[in-house]
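Survey of secondary and tertiary structure
Residues per chain, in single letters:
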Amino acid sequence: MSKHFLMTVLLTVFFLVGFLSCEKDPASPKLITAEVTDILQSTALCGGAITSDGGAEITARGVCWSTSQTPTVDDDKITDGTGAGSFTSNITDLAPETTYYVRAYAMNSEGTGYGNTVSFTTIPYETVTDVDGNIYRIIQIGNQCWTAENLKVTHYRNGDVIPNVSDNTEWENLTTGAYCNYDNDTSNVATYGRLYNWYTVNDSRNIAPEGWHVPTDAEWQTLVDYLGGDAIAGGEMKETGTTHWHSPNTGATNESGFAALPGGFPYHDGTFHGMGTNATFWSSIEYGRYTAWSRDLFYDYSNVGRGYDGKQGGFSVRCVRD
């Protein structure tokens, strides 16, 4: 056997071993980014499809987004499971009328792979103005349109004044409409709105802007059901972070854009409680002679509570479009 033949055989073996080794070495995943759909003021749907796992297990996948043209996982991101295949991601906490860039990503032991970049622009917020001139952002959730801020109005729709009652004894004995401000401090109004008793909500002169009304108990439940039910909807309704909600603000994603804030309530002894921990909203439906239905959100739970409270209670108010 000639040296030339042996050299040829050895080179061939080395080449095959090297080729096979390269083929077996894992690499970063490859994937494509899905079209962005369901674009609203603060939310959108995207996702991706993994075309190659790179020869290693996919340990995380999702989308990342930014106002810069090449988003990475160091920017805003959401993780949607593991493994190969297609996935859908719900992008939240977006600013209205803003252009974003989004890429699908997937991670394995070798690194992070990205899909192509897709851009989209969120729609502007609609607004509605009350009789006092306060302007509220509007958010569409399913087939309903809600105000995305708590009511601040001090007059009924016909211009009649809603009394501001700060005396506890007077408040407790009311059977007519009134409002108060948390801690009787007007500096809380801009962020948290005002607190109204149920008699204000039920007054035929209306506290909601023209074309709007305080939601019924059934309309609240429609919202909760659309957001996944009582156990998780609270998280999807609460503003994220701990700027206004106390830690841990359990489950808060604000995926709905409802941006609920913990405006608290006046207690029977004249003190105020719950700012930072509780958001309680009236419905327009009474439960009994002295009580009416309400909805509660909590800093340490992701659920929505449904209960009935005394009509003299002072709670936040959201409105829904007629």
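As shown above, the structure is provided for reference.
Cut-offs used in this document
- Residues numbered from 1 in each chain as written.
- Predicted model: local features only at pLDDT ≥ 70, side-chain atom pairs only at ≥ 80, totals over all residues.
- Heavy atoms only, no water.
- 1 Å grid on protein atoms, 1.4 Å probe; cavity = no way out; pocket = protein on both sides within 12 Å on 5 of 7 lines; lining within 4 Å.
- Points joined across faces, edges and corners; volume = space filled by probe spheres on them.
- Helix = DSSP H or I, 4+ residues; strand = E, 2+ residues; numbered from the N terminus.
- Nonpolar A, V, L, I, M, F, W, Y, C, P; charged D, E, K, R; others polar.
- Pairing = 2+ DSSP bridges.
- Axes fitted to C-alpha atoms, helices over the stretch in contact; angles between N-to-C directions.
- Contact = heavy atoms within 4.5 Å.
- Buried < 20%, exposed > 50% of the residue type's maximum accessible area, 1.4 Å probe, protein only.
- Arc of directions from axis to C-beta.
- Core = buried A, V, L, I, M, F, W, Y, C linked by side-chain atoms within 4.5 Å.
- Salt bridge = Lys/Arg side-chain N within 4 Å of Asp/Glu carboxyl O.
- Disulfide = S-S within 2.5 Å.
- Polar contact = N/O pair within 3.5 Å; in protein donor to acceptor, adjacent residues only side chain to side chain.

1. Digging into the layout of surface pockets
Roughly 300 Å³ of volume is contained in the largest pocket. Among the elements of the structure, strand E2 (44–52) and strand E10 (135–141) are those that each provide at least two residues to the lining of the largest pocket. Of the residues contributing to the lining of the largest pocket, the split by class is 6 nonpolar, 5 polar and 3 charged.

2. Notes on the sheet that holds strand E17 (residues 278–286)
With antiparallel pairing, the 3 strands of this open sheet are ordered in space as E17-E18-E19. Looking at which strands have only one partner, the edges of the open sheet turn out to be E17 and strand E19 (305–310). Going from strand to strand, the sheet's axes swing by 35° on average, the running direction of each strand aside. Where E17 and strand E18 (residues 291–298) come together, 6 bridges link them in antiparallel fashion. If you follow Thr-280 over to E18, its bridge partner there is Asp-296. Its contacts with the sheet put helix H5 (residues 217–226) on E17, E18 and E19, and the angle it makes with E17 is roughly 135°.

3. Section: H5
Turning to H5, its buried residues are Asp-217, Trp-220, Leu-223 and Val-224. For H5, the angular spread of buried residues about the axis comes to 120°, placing them on one side. Of the exposed residues in H5, the ones pointing more than 90 degrees away from its buried face are Ala-218 and Tyr-226. Lining the buried residues of H5 we find E10, strand E11 (144–147), helix H6 (233–237), E17, E18 and E19.

4. Remarks on the nonpolar core
One finds Leu-151, Ile-207 and Val-317 to be the most contacted residues of the largest nonpolar core, which totals 22 residues. Residues contacting Leu-151, with those up to four places away along its chain left out, are Tyr-136, Gly-193, Arg-194, Tyr-196, Ile-207, Val-317 and Cys-319. Counting residues in hydrophobic clusters, the runner-up holds 18 residues, among them Met-237, Trp-245, Ala-279 and Val-304.

5. Focus on the pattern of salt bridges
Taken as a whole, this structure holds 9 salt bridges when the rule is applied. Note that Lys-311 and Glu-286 form a salt bridge whose closest N and O atoms lie 2.6 Å from each other. Of the two residues, Lys-311 is situated in the loop between E19 and strand E20 (320–321) and Glu-286 in strand E17; the sequence distance between them amounts to 25 residues. Through salt bridges with shared partners, a single network forms among Arg-137, Glu-149 and Lys-152.

6. A closer look at the state of the cysteines
Enumeration according to the criterion identifies 0 disulfides in this entry. Of the cysteine sulfurs around Cys-46, a residue in no disulfide, the closest is that of Cys-64, at 9.7 Å. Residue classification places Cys-46 among the buried residues on the basis of a relative accessible area of 4%. Cys-180 takes part in no disulfide bond, and the closest cysteine sulfur, belonging to Cys-319, lies 17 Å away.

7. Some points on the side chain of Thr-33
Here Thr-33 shows up in strand E1 (residues 30–33). Among the polar contacts listed, one links the side chain of Thr-33 to the backbone nitrogen of Ala-104, at a separation of 3.0 Å. Not counting chain neighbours up to four residues away, the residues in contact with Thr-33 comprise Cys-46, Gly-47, Gly-48, Val-102, Arg-103, Ala-104, Gly-115, Asn-116 and Val-118.

8. Quick word on unusual backbone geometry
With an omega of 15°, the peptide bond running from Ser-247 to Pro-248 counts as cis. With respect to the element layout, Pro-248 can be found in the loop between H6 and strand E15 (263–266).

9. Focus: the pairing of E19
Note: E18 against E19, 6 bridges, orientation antiparallel. Within the sheet, the bridge partner assigned to Trp-293 lies in E19 and is Tyr-308. Taken together, E18 and the strand that follows it, E19, pair antiparallel across an intervening segment of 6 residues.

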